[in-house]
Structures are given as C-alpha cells and as structure tokens.
Amino acid sequence: MSVGELAGLLVAVFWAVLVTLLAVVLVRLSRVLKEATVLVSAVTEQAVPLLVDAGTAVRGANEQLERVDEITANVQDAAANANALSSTVAATLGGPLVKMAAFSYGVRKAVAKQGGAPALPQQPSEREALARMIRAEVRAQSAPRGGLLSRVRRAVRG
C-alpha cells in the first residue's frame, strides 16, 4: 500500500464518519421538527378558542363602557337641571325671605324701642285675630306677585 492509497483510505473513512454523523443529526432534526409541528398544532387548537373568548370579553367591555358613557351623560344632565332648579328656587324665594328678615328685624327694633315685649291679648278671640293679621302680613310681604310660587299656588287652587 502506498501513501496515496493510505491517504485515500483515510479520506474515505473520514467521509464515512462525517456522513454517519450528518445522518444522526438529520434524524434528530427530523424528530425535533415533528415535535415542533405537534406543538404548533396544539397551540393553534388552544389559541383559537382563547382568541374567540378574548374577543367576546372585549366586546362585552365595550358595551359596558358605552353604558357608562350614557350614565355619565345622564348624570351631567341631572346635575345641570339641579343647578338650574336651585338657581330658580333661590331667585324665587330669596327676595321674599330677605323681605321677611327685614320685616322681622324692624319688628324687633320697634319692640326694643318701646321697652319690652308687647302684652299679648288675653282673650282667645283677640289672639286668633292677631295671629290672622300677622299671617296675612307675612303672606303679603313674602309672596311675589308674578313669581313662580304664586303661579304654583294658583294652579293648585284651580
């Protein structure tokens, strides 16, 4: 055997070992690819229902947000109406209440200048007549002529 034949034999053995190693690697690679295929199909089978459920949950959340938007708009309208009502009540009742307070202040001052509280009538009929006069005076001072309160009273009376 010559050196060239020995070199050829070594190269042939080297190639045989290399091809065997490559075959082993390819077999293992094919196993890995089969397992990856199985894994991908399993993930796909489980992911599709999860995505459907997630889509349903997102749609439900969107519907709830729309309802919350409607509720918020209604609350804003109610707050605006309450503000307008309180302004109307303050404008309607504010003036008469100020007049009544001024009237009672004047009465207190007049009583204080006389030197004490006036004597109340002893007879029940006199007390009732005095109470009717005071109520009539208070009504006359506190009821606005063309205000909302007088219109309501007229509507209630018929």
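Parameters at a glance
- Residues numbered from 1 in each chain as written.
- Predicted model: local features only at pLDDT ≥ 70, side-chain atom pairs only at ≥ 80, totals over all residues.
- Heavy atoms only, no water.
- Helix = DSSP H or I, 4+ residues; strand = E, 2+ residues; numbered from the N terminus.
- Buried < 20%, exposed > 50% of the residue type's maximum accessible area, 1.4 Å probe, protein only.
- Areas by Shrake-Rupley, 256 points an atom, 1.4 Å probe, with all protein chains shown as cover.
- Phe/Tyr/Trp six-rings, centres within 6.5 Å; stacked < 30°, edge-to-face > 60°.
- Patch = residues over 30% accessible without salt bridge, like charges linked within 9 Å, V, L, I, M, F, W, Y side chains within 5 Å.
- Salt bridge = Lys/Arg side-chain N within 4 Å of Asp/Glu carboxyl O.
- Lys, Arg positive; Asp, Glu negative; His and termini not counted.
- Charge placed at Lys NZ, Arg CZ, Asp CG, Glu CD.
- pLDDT = per-residue confidence, 0-100.

### As for the overall build of the protein
Here is step 1 of the chain: Looking only at helices and strands, one finds three helices and zero strands in the protein.
Here is step 2 of the chain: Secondary structure elements of the protein, listed N to C terminal, follow the sequence α-α-α.
Here is step 3 of the chain: Buried positions account for 4% of the 158 residues belonging to the protein.
Here is step 4 of the chain: Carbon and sulfur atoms make up 67% of the accessible area of the protein, which totals about 13300 Å².

### A word on the packing of aromatic side chains
Here is step 1 of the chain: Applying the stated rule across the entire model yields one aromatic pair.
Here is step 2 of the chain: Seen in terms of ring centroids, Phe14 and Trp15 are 6.3 Å apart; in terms of plane orientation they differ by 70°. Their pairing is edge-to-face.

### A few points about a positive patch on the surface
Here is step 1 of the chain: On the surface, a cluster of positive charge is made up of Arg132, Arg135, Arg139 and Arg157.
Here is step 2 of the chain: Ranked by residues supplied to the positive patch, first place goes to helix α2 (residues 124–142) with three residues.

### Structural notes on the confidence of the model for the protein
Here is step 1 of the chain: The predicted model of the protein has a mean per-residue pLDDT of 83, with 84% of residues at 70 or higher.
Here is step 2 of the chain: Least confident of the elements in the protein is helix α3 (residues 148–157), whose mean pLDDT is 67; most confident is helix α1 (residues 3–114), at 89.

### Some words on a negative patch on the surface
Here is step 1 of the chain: A grouping of Glu63, Glu66, Asp69 and Glu70 is seen on the molecular surface, where their side chains present a negatively charged patch.
Here is step 2 of the chain: Residue placement: Asp69 occurs in helix α1.
Here is step 3 of the chain: Judged by its relative accessible area of 53%, Asp69 is exposed.

### Comments concerning a nonpolar patch on the surface
Here is step 1 of the chain: Taken together, the side chains of Met1, Leu6, Leu9, Leu10, Val13, Val17 and Leu21 present a nonpolar region at the surface, about 730 Å² in accessible area.
Here is step 2 of the chain: Inspection of the secondary structure assignment puts Val13 in helix α1.

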